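# Observations on the three-dimensional arrangement
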Amino acid sequence: MVRSVVLGCGAYLPARVMTNHDLARIVDTSDEWILERSGISERHIAADGELTSDLAAAAGRDALAAAGLGPEAIDLVLVATATPDRTFPATAARVQAKLGITGGAAFDLQAVCTGFVYTVATADGLLRSGVARRALVIGAETFSRILDWTDRTTCVLFGDGAGAIVLEARPGEPAVGERGVIASYLRADGRLEDLLYVDGGPSSTGQVGHLRMAGREVFRHAVTNISEAVETVLRQTGLPADAIDWFVPHQANKRIIDATAKRLGIAPEKVITTVQVHGNTSAASVPLALAVGVADGRIRPGHLVLLEAMGGGFTWGATLLRW
Ligand code: ACO
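Residues numbered from 1 in each chain as written. Predicted model: local features only at pLDDT ≥ 70, side-chain atom pairs only at ≥ 80, totals over all residues. Heavy atoms only, no water.

## Section: the overall build of the protein
For the protein, the helix and strand inventory stands at 10 helices and 13 strands. Over its C-alpha atoms the protein spans a radius of gyration of 18 Å, differing by no more than 12% from the 20 Å that the globule rule assigns to 323 residues. Put simply, the protein has 323 residues, and 56% of those count as buried. Of the contacts made within the protein by residues no fewer than 6 positions apart, 75% connect residues no fewer than 24 positions apart. A total accessible area of about 13000 Å² is found for the protein, and carbon and sulfur atoms account for 52% of it. Considering the protein, the positive charge centre built from 30 side chains and the negative charge centre built from 35 side chains are found 3 Å apart. (Helix = DSSP H or I, 4+ residues; strand = E, 2+ residues; numbered from the N terminus. Rg over C-alpha atoms; globule rule 2.2 N^0.38 Å. Buried < 20%, exposed > 50% of the residue type's maximum accessible area, 1.4 Å probe, protein only. Contact = heavy atoms within 4.5 Å. Areas by Shrake-Rupley, 256 points an atom, 1.4 Å probe, with all protein chains shown as cover. Lys, Arg positive; Asp, Glu negative; His and termini not counted. Charge placed at Lys NZ, Arg CZ, Asp CG, Glu CD.)

Following this line, the structure appears as structure tokens:
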């Protein structure tokens, strides 16, 4: 038996910061509206020519350094992204090349904002089945490239960035008391596509398209779905909500995070929140929040960490791990 243990964590944010005041010069909005409705003050925006694979490689390099590993140690690169550099090859293959990794497999996973949670579960499965030994698991996005910058209902909410972890196969069964991934729960419901989607793609319009969202409806589903995912993972492991050391949610909206934590009975001081300075970075948001929690000393080896996300598809899920 094998379990997947986190060896290190990394992050990258583009240098350019766009504040709510900057946005108010582009669309009819205000700092007060954005802050009150979403909790967001600022977000990072990739420079011209800075690609998702550049962000992903920088976060991956940071995670490898934190793990004390070189490129030869990795035999699986997974990138969760909805904003790949190209239709193909996979951004993961480009990241592999940029990092000098030459062994094993590399592929992208597309579950929009739930991408990182899906990718951790996928890497865990591949490590436990013996396909790979050490995985670099990345969430990376340049959502600034798929925003309609004339639509104030969406363009104020998103940002660019990347986060990564290294997972290693270690002998022993997954167990609540041991370090490693303990349990994952993944869901999708394709019937709700019209509430959140991008209106383009290679086989439909031949164009990249722009993000479209019915924000209020997404909000309503988010709290219900995230709560279901978290409750299921806790039930699978027999743990009460107050056993969790750190709740690391997808960073879409501070109101969703607060409402979900309250409904689940998770104390506010156990919630890692970065949405105020990152905006919604889709698949990058959970690993970016992890990296912040690790860097400032809150998340430490042995802590019980709960990840969750919900996004386009709809997709949603949760993962419980001991850091
Ligand atoms: N600035 C000023 N006013 C605005 C803006 C803006 N940027 N955007 C909308 N408004 C106006 C609307 O036009 C509306 O005006 P009206 O009442 O005259 O019609 C009013 O503000 C209220 O709009 P609502 O949409 O009802 O505002 P709400 O409180 O629901 O907040 C928000 C909107 C922030 C989008 C919220 O619904 C939300 O966060 N939803 C969830 C989004 C989410 O979680 N996405 C995650 C998945 S993302 C992914 O998977 C890629």
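## Things to note about the nonpolar core
Grouped together as the largest cluster of nonpolar side chains are 47 residues, with contacts concentrated most on Val230, Phe247, Ile266 and Leu306. Among the elements that line this core, the one with the most residues is helix 7 (residues 215-237), at 8 residues. Composition of this core by domain shows at least three residues from each of domain 1 (2-171) and domain 2 (180-322). Those residues in contact with Phe247, other than ones at most four positions away along the chain, are Val230, Thr260, Ala261, Leu264, Ile266, Lys270, Val271, Ile272, Leu306 and Glu308. Core analysis: the next-biggest nonpolar cluster, separate from the first, contains 29 residues, Ala132, Val137, Leu167 and Trp246 among them. (Core = buried A, V, L, I, M, F, W, Y, C linked by side-chain atoms within 4.5 Å. Domains from an automatic or database assignment.)

## Points about the site of the ligand
What surrounds the ligand is a group of 25 residues, the closest being Thr29, Arg37, Cys113, Arg216 and Asn253. The separation between an oxygen atom of the ligand and a polar side-chain atom of Arg216 is 2.4 Å. Side-chain polar atom of Asn253 to an oxygen atom of the ligand: 2.5 Å apart, as the coordinates give it. Against a free-state accessible area of 1000 Å², the protein chains account for coverage of 77% of the ligand. Elements represented by at least two residues in the shell around the ligand include exactly helix 2 (31-38), helix 6 (152-155), helix 7 and helix 8 (254-264). Among the elements that line the shell around the ligand, the one with the most residues is helix 7, at 4 residues. (Near = heavy atom within 4 Å. Polar contact = N/O pair within 3.5 Å; in protein donor to acceptor, adjacent residues only side chain to side chain.)

## Focus: the sheet that holds strand 8 (residues 180-188)
Taken together, 4 strands build an open sheet; the order of strands is 8-13-12-11 and the sheet is mixed. Looking at strand neighbours, the two that pair on one side only are strand 8 and strand 11 (246-249), the edges of this open sheet. Ignoring strand direction, the axes of neighbouring strands in this sheet form an average angle of 10°. Note: strand 8 against strand 13 (residues 315-322), 8 bridges, orientation antiparallel. Its bridge partner being in strand 13, Ser184 is matched across the sheet by Thr319. (Pairing = 2+ DSSP bridges. Axes fitted to C-alpha atoms, helices over the stretch in contact; angles between N-to-C directions.)

## Observations concerning the pattern of salt bridges
Throughout the structure, instances matching the rule amount to 14 salt bridges. As a salt-bridge pair, Arg3 and Glu178 come within 3.5 Å of each other at their nearest N and O atoms. Taken together, the residues Arg3 in strand 1 (residues 2-12) and Glu178 in the loop between strand 7 (160-171) and strand 8 connect sequence positions 175 residues apart. Its salt-bridge partner being Asp85, residue Arg94 comes within 2.6 Å of it at the nearest N-O pair. Note on Arg94: relative accessible area 21%, which makes it partly exposed. Taken together, the salt bridges that share partners define one network made up of Arg134, Glu168 and Arg170. (Salt bridge = Lys/Arg side-chain N within 4 Å of Asp/Glu carboxyl O.)

## Structural notes on the domain arrangement of the protein
Domain boundaries assigned for the protein yield domain 1 (2-171) and domain 2 (180-322). On a C-alpha basis, the centres of domain 1 and domain 2 stand 14 Å from each other. At the junction of the two partners, domain 1 supplies 50 residues and domain 2 supplies 46 residues. Each partner contributes to the roughly 3500 Å² buried at the junction of domain 1 and domain 2, and carbon and sulfur atoms together form 67% of this total. Of all residues in domain 1, Cys113, Val117 and Ile146 bury the most surface against domain 2, accounting for 17% of the area lost on that side. Taken together, domain 1 and domain 2 are joined by 1 salt bridge. The salt bridge partner of Asp148 is Arg212, with a shortest N-O separation of 3.0 Å. Our count for the domain 1 to domain 2 interface comes out at 17 residue pairs in polar contact (both at pLDDT 80 or more). Of all the secondary structure elements, the ones that give two or more residues to the side of domain 1 that touches domain 2 are strand 1, helix 2, strand 3 (42-45), helix 5 (115-128), strand 6 (134-142) and strand 7. (Buried area = accessible area lost by both parts, 1.4 Å probe.)

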